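Spelled out, the chains give:
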Number of protein chains: 2
Amino acid sequence: MFEPATLKDIAIALGLSTSTVSRALRDTYEISPKTKKLVLEYAEKINYRPNPIAQSLKERRTKSIGVIVSEVANQYFSQAINGIESIAYDKGYHVIITQTHESYEREMINTQHLASRGVDGLLISLSAETKDTGHLSALHDKGLPIVFFDRIAEEIHTHKISANNEKGAFEATEHLIRAGYKKIAHLSSSAHLSISIERLRGYTKALNQYGIALNPDYIKNCPHGGMFQEETESAVLELLNLKEKPDAIFVAGDRLSMGCLTVFKSLNVDALNDMAIAGFSNSDMLDLLKYPLTSVRQPAFEMGQIATTMLLQLIESKRPVTEFENKVLDTKLFLR
Amino acid sequence: MFEPATLKDIAIALGLSTSTVSRALRDTYEISPKTKKLVLEYAEKINYRPNPIAQSLKERRTKSIGVIVSEVANQYFSQAINGIESIAYDKGYHVIITQTHESYEREMINTQHLASRGVDGLLISLSAETKDTGHLSALHDKGLPIVFFDRIAEEIHTHKISANNEKGAFEATEHLIRAGYKKIAHLSSSAHLSISIERLRGYTKALNQYGIALNPDYIKNCPHGGMFQEETESAVLELLNLKEKPDAIFVAGDRLSMGCLTVFKSLNVDALNDMAIAGFSNSDMLDLLKYPLTSVRQPAFEMGQIATTMLLQLIESKRPVTEFENKVLDTKLFLR
DNA sequence: CTGAAAGCGCTAACAC
DNA sequence: GTGTTAGCGCTTTCAG
């Protein structure tokens, strides 16, 4: 097996002590130039790398951050992850990605796992099932830095970054209204998620502003964010079977938007022609779709970058941070 | 900061030695039932978790595996990752995902990073740029278990799992031929990748078998697997500008298939009607596309599972493994 | 300027 | 059955 060189190997080879070698390799300001040179050259020659596990044990940090998302197959999240990596790697941090698949239980397991593996901080977007955030506040109270992105926990006092969901939802709904639709339904993820609440608010606001009455039957939630297609399917069918059938749907999520189109596809095409859709999506393929989908796009990459910058700031701060930011970024509407 | 309980804390609280506590918590067969019970209950009560960093340092293993893929946004890879996780988590292993974005340099950096962080093994699908696999064979020679999936390095002697690319390519090409197309081009990732070689072989074989001459001008490679849209665009334009314009394209990759459609979209629609496409893709959205794309789908989830099973077998094997498997799974053709 | 020694949390001979 | 001790690889007082 794979036995990398250690400090001790260098020390023995050079007739020095491990502490001298250790200092020569990093510290410097009290080591003679000649030993330093000697050590550095030898280390270079044998391609020495300090054992990060030993360093972690000693220094009580792992130079790694944990990320918890619903699923990497979701375009929004894969773009956010790219943003996260771009910052983290620059600063010498490793990124450990985990997926909840919208399950509360998985979220708890992943959280535990990451915490016990000693990540220095956590970047999380809550699962659709998550109502209770006790698993997170427990860790947060013990001092683990956490930053929320996209799907926020209001009750935990830390940095947060999200899209302007209300405004984005407003604009999408407004677009439908201006296009002449009056019976606009709303298909959303689980009702308690921050993004669902905000998007619902934007939808409601747009209806109000244009003098359209809110019809409670028009609002459908998918408790698993459409992770199971049956969920989306039955929600859409319920809408289609209403006596007063809606003529448009504002969909509050990437996976739901696709799920919704899939349901439409499986039905007759007529159902489509008089049913417009606008929805949140970060997919790059929307222009290639058979059905025009007006989309609200979040600045995912940038959100990932900002979340990571915030987290590293918490991690590397000398004194406890007490002022927290709640950053909100604008979405962009793409008409189709 | 976050200071979890240690063995010592338990030992002091219970008036035992750390070794007794350590044994009580795990070993057992020589600890008296009563102390065992005492320790277990107390540990449970204070919610004790062993420090994995210390365990790793001691036991020279981290119970984590590294994964290197091009990008998680690629459906094939996100599905494979789900397969990987499903096995790894079951066996108590943590999964660290990294992306190369098809860059050789990133691949080397990620490999180094994962190795130095002490992953117990590596699951890798080569980047499009990678020609030299010295960075991997160096680690492999030192004893790091590595399993290749999808994009294989022939020269490294270890377990490998891939799709039957040749057969998949053959079937897709054959489908185009039977549909009446005769001037079939081939758009592929970088020429040296195992998947490119195999898919080219399948394409060639189908042409041969149906008595169609191979036209070298019809074969275009994208050295970055279409990671940059310009690359795909210029390749497709070159095909379209040939005096003897092809009437169909067989595309050898997920990203390339989408890139190709995007180029088509940006051109006039007529270019589409007389240009059929068949290609490798694991996207779930193909049925929703404006353009019918006959697709070759790989059993991504299963491949991830098998690769992980193989890797864990290498990692946990008592004696050095010398017999290696080269598993090949069938693809599935979806006509559109 | 350099070395000896302690210790991070855990496991495993080796006593007794 | 349980305690003592050493040691994984590294950093960091504390002495010289």
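None of the values given here were measured: they were computed from a predicted structure.

Help me understand the domain arrangement of chain A in this model?
Interfaces are frequently sized by the accessible area removed from exposure as the parts join. All names here are of chain A. Each domain of chain A was delimited in the assignment, giving domain 1 (7-50), domain 2 (61-162 + 300-329) and domain 3 (165-297). Centre-to-centre, using C-alpha coordinates, domain 2 lies 28 Å away from domain 3. Contact with domain 2, which involves 17 residues of that partner, is made by 17 residues of domain 3. Between domain 2 and domain 3, the buried area comes to about 1400 Å², and carbon and sulfur atoms account for 48% of it. Here domain 2 and domain 3 share one salt bridge between them.

Would you take a moment to explain the protein's contact with DNA strand D for this structure?
Close contacts around DNA strand D come from 26 residues, with Leu7 and Tyr48 of chain A together with Ser19, Thr20 and Arg60 of chain B the closest. Counting only the atoms of DNA strand D within 4 Å of the protein, the fraction contributed by sugar and phosphate is 62%. Tyr48 of chain A is positioned such that a nitrogen or oxygen atom in its side chain is 2.5 Å from a phosphate oxygen of DNA strand D. Thr35 of chain B is positioned such that a nitrogen or oxygen atom in its side chain is 2.6 Å from a phosphate oxygen of DNA strand D. Of all the secondary-structure elements, those providing two or more residues to the surface near DNA strand D are helix H2 (18-25) and helix H4 (52-59) of chain A together with helix H2 (18-25) and helix H4 (52-59) of chain B. With four residues, the single largest contributor to the surface near DNA strand D is H4 of chain A. Among the residues forming the surface near DNA strand D, the class breakdown is seven nonpolar, eleven polar and eight charged.

Help me understand the relation of the copies chain B and chain A, please; the structure alone is not making it clear to me.
Both copies of the chain are tied together by a single rotation about an axis and a shift running along it. For the match of chain B to chain A, the screw axis carries a shift of 0.0 Å, the RMSD comes to 0.0 Å, and the turn is 180°. Seen this way, the second copy is the image of the first under a two-fold rotation axis. Of the residues that chain B buries at the interface, 100% are likewise interface residues in chain A, meaning the two copies contact each other through the same surface.

I'm lost on the pairing of strand E2 (residues 94-99) of chain B in this one. Help?
As a general feature of sheets, a regular strand has side chains that alternate between the two faces. Residue and element names in this part refer to chain B. Within E2, six of the six residues are buried, which leaves it mostly tucked inside the rest of the structure. Neither face of E2 is left uncovered, since the one carrying His94, Ile96 and Thr98 and the one carrying Val95, Ile97 and Gln99 both have all their residues buried. Sheet analysis places strand E1 (residues 64-69) next to E2, joined by six bridges and oriented parallel. Counted as the bridge partner of Ser64 is His94 from E2. Taken together, E1, helix H5 (residues 75-90) and E2 form a β-α-β motif whose crossover is right-handed.

Can you help me understand helix H5 (residues 75-90) of chain A in this one?
Every α-helix carries 3.6 residues per turn, so stepping three or four residues along brings you back to the same face. Residues and elements named next belong to chain A. Taking 1.5 Å of rise per residue, 16 residues should cover 22 Å, and H5 covers 23 Å from first to last C-alpha, within 8% of that figure. Where burial is concerned, most of H5 is hidden: 14 out of the 16 residues are buried. The distance from a side-chain oxygen at the start of H5 to the backbone nitrogen of Tyr76 is 2.9 Å, and the residue carrying that oxygen is Asn74. Two residues or fewer after H5 comes Gly92, characterised by a positive phi angle close to 80°.

So what exactly am I meant to see when it comes to the protein's contact with DNA strand C here?
The environment of DNA strand C is made up of 26 residues, and the closest members are Thr20, Lys58 and Arg60 of chain A together with Leu7 and Tyr48 of chain B. Among the atoms of DNA strand C lying within 4 Å of the protein, the sugar-phosphate backbone contributes 66%. Between Leu7 of chain B and DNA strand C, the recorded distance is 2.5 Å, taken from a backbone N or O atom to a phosphate oxygen. Within the side chain of Tyr48 of chain B, one N or O atom sits 2.5 Å away from a phosphate oxygen of DNA strand C. Where the surface near DNA strand C is concerned, the elements lending two or more residues are H2 and H4 of chain A together with H2 and H4 of chain B. Within the surface near DNA strand C, the residues separate by chemical class into seven nonpolar, eleven polar and eight charged.

Definitions and limits used
- Residues numbered from 1 in each chain as written.
- Chains lettered and ligands numbered in written order.
- Predicted model: local features only at pLDDT ≥ 70, side-chain atom pairs only at ≥ 80, totals over all residues.
- Heavy atoms only, no water.
- Domains from an automatic or database assignment.
- Contact = heavy atoms within 4.5 Å.
- Buried area = accessible area lost by both parts, 1.4 Å probe.
- Salt bridge = Lys/Arg side-chain N within 4 Å of Asp/Glu carboxyl O.
- Near = heavy atom within 4 Å.
- Polar contact = N/O pair within 3.5 Å; in protein donor to acceptor, adjacent residues only side chain to side chain.
- Helix = DSSP H or I, 4+ residues; strand = E, 2+ residues; numbered from the N terminus.
- Nonpolar A, V, L, I, M, F, W, Y, C, P; charged D, E, K, R; others polar.
- Least-squares fit on C-alpha atoms with pLDDT ≥ 70 in both.
- Buried < 20%, exposed > 50% of the residue type's maximum accessible area, 1.4 Å probe, protein only.
- Pairing = 2+ DSSP bridges.
- Right-handed = clockwise from strand over helix to strand, strands pointing away.
- Expected span 1.5 Å × (residues − 1).

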